[in-house]
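What the coordinates show
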Amino acid sequence: MRIRDSKAMVPTGKYSKEDLIKEEALRLGFSAIGIAKAEPIPDEIKEAYTKQVVSGKYGNMEYLRRNEHLRFDPTELLEGCKSIICLAMNYYPPLKQDKEAPQVAYYAYGRDYHKVVKKRSDKLLKFIRENIDKDVIGRSFADSAPILERYWAVKSGIGFRGKSGMIILPRKGTFFVLGELLITTELKPDKPNTFECGKCTKCIDNCPAKAIDEDGFDATKCLSYLTIEQSDELNDTQAGQLGNRLYGCDTCQKVCPHNRFAQATKETEFMPNKLLFDLSFENLKHLDEQQYIKIFAGTSVKRAGYKGLMRTARALLKKRNKKD
Ligand code: SF4
Ligand code: SF4
């Protein structure tokens, strides 16, 4: 698709401005893009969110309790915001760790997605400014602002929410990170995605921590939360559920039938550091901070930090010692 005369700023001919933005997003490496009208979140969604937070099922993630006015109205995040462009980027790795090694969640194999997605979304904003609307004001987010990203992903049509809580992209699966570009340009919104999981219960049946049921997801039981967000030592029950998971957990995604469509990412930023494939339980015993930096620098693993990673490592190693 050819870019319009940038002086005209308003596309003419058979391609709409929405077509041009979508084409550019794909060129920039996004796998899916959808547009939603920026407006306050409906009351029933606000109530459901508040109920989850109050119930404690989101765990000790204090930030989820803050800035509700921003979370419930995107125009508070960006004055004059008219459209929310939702973006998804594939991180499904082309190479995987040995199953017997201490496991790291796939999204943390490569470069920290927060930076990758935000940078790419900023490029999309630049494109819009240069080709569509010279006066556009925008803000890019990648899990970096109080915004209900899964609500907007559904509303913009890029995916539907599975029972596991993950956004499922039709015929693509769940191994995607999400981003949002809020802009002051008015765009034609896409239709929301109305698919559902139906009778499938694979994620519920296979979750090692019983963190999912038909009513939703309990972060306080989830191994991803326990190995990344929580700072307390893991108790014996939690350690028993870990299997060999060191950082995060992909089980509910691995069993999801929609991931039969998963394709290895071509995104160079998400290519794993080769040193990750040398990580074994034997060298985990002696992993010092320098080695940790060599393997995980620039990845999302820094969220847990060396101390957090070693806390999970201690639980894993203690469990293995008991078995020996
Ligand atoms: S990430 Fe793992 S522990 Fe958490 S809900 Fe999914 S399967 Fe369960
Ligand atoms: S495993 Fe089944 S129930 Fe769970 S998210 Fe995937 S389709 Fe939905």
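Residues numbered from 1 in each chain as written. Chains lettered and ligands numbered in written order. Predicted model: local features only at pLDDT ≥ 70, side-chain atom pairs only at ≥ 80, totals over all residues. Heavy atoms only, no water.

As recorded in an unreviewed UniProt entry, the protein goes by the name tRNA epoxyqueuosine(34) reductase QueG, listed as coming from Falsiporphyromonas endometrii.

Let us now look at the site of ligand 1. Taken together, the neighbourhood of ligand 1 is formed by Cys207, Pro208, Ile212, Phe217, Cys222, Leu223, Cys249, Thr251 and Cys252. Among the residues making up the shell around ligand 1, the classes are represented as eight nonpolar, one polar and no charged. (Near = heavy atom within 4 Å. Nonpolar A, V, L, I, M, F, W, Y, C, P; charged D, E, K, R; others polar.)

Inspection of the entire model under this criterion finds 16 salt bridges. For the salt bridge of Glu269 with Arg111, the shortest nitrogen-to-oxygen distance reads 3.6 Å. Within this pair, whereas Glu269 is found in the loop between α10 (251-254) and α11 (281-284), its partner Arg111 is found in the loop between β3 (103-104) and α5 (113-131), the two being separated by 158 residues in sequence. Judged by relative accessible area, Glu269 falls into the partly exposed class, the value being 27%. (Salt bridge = Lys/Arg side-chain N within 4 Å of Asp/Glu carboxyl O. Helix = DSSP H or I, 4+ residues; strand = E, 2+ residues; numbered from the N terminus. Buried < 20%, exposed > 50% of the residue type's maximum accessible area, 1.4 Å probe, protein only.)

A few words on the environment of Lys96. Of note, Lys96 is situated in the loop between β2 (83-90) and β3. Overall, the relative accessible area of 36% leaves Lys96 in the partly exposed class. Once the C-alpha coordinates of Lys96 and Lys14 are considered, the two residues, 82 residues apart in sequence, prove to be 43 Å apart. Every residue in contact with Lys96, bar those within four places of it in the chain, is listed here: Tyr106, Tyr109 and Phe277. (Contact = heavy atoms within 4.5 Å.)

What follows deals with the site of ligand 2. Ligand 2 sits among Gly162, Lys163, Ser164, Ile168, Cys197, Cys200, Lys202, Cys203, Cys256, Pro257 and His258. Of the residues contributing to the shell around ligand 2, the split by class is six nonpolar, three polar and two charged.

Membership of the largest hydrophobic core comes to 70 residues, with the highest contact counts inside it found for Ile85, Leu124, Ile128, Tyr247 and Phe296. By residue number, the principal contributor to this core is α5, which donates seven residues. In contact with Tyr247, other than residues within four places in its own chain, are Gln103, Val104, Ala105, Tyr107, Ala108, Thr227, Ile228, Ser300, Val301, Arg303, Ala304 and Leu309. Listed in part, the 27 residues of the second largest apolar core include Ile41, Phe141, Ala145 and Leu169. (Core = buried A, V, L, I, M, F, W, Y, C linked by side-chain atoms within 4.5 Å.)

The subject of this paragraph is the sheet that holds strand β1 (residues 32-37). Read from one edge of the open sheet, four strands run β1-β2-β7-β4, paired in antiparallel fashion. Pairing within the sheet leaves two strands with one partner each, and these edge strands are β1 and β4 (138-141). Averaged over all pairs of adjacent strands, the angle between their axes in this sheet comes to 20 degrees, without regard to strand direction. Looking at chain direction, β4 and strand β7 (residues 176-183) are connected through four bridges and run antiparallel. (Pairing = 2+ DSSP bridges. Axes fitted to C-alpha atoms, helices over the stretch in contact; angles between N-to-C directions.)

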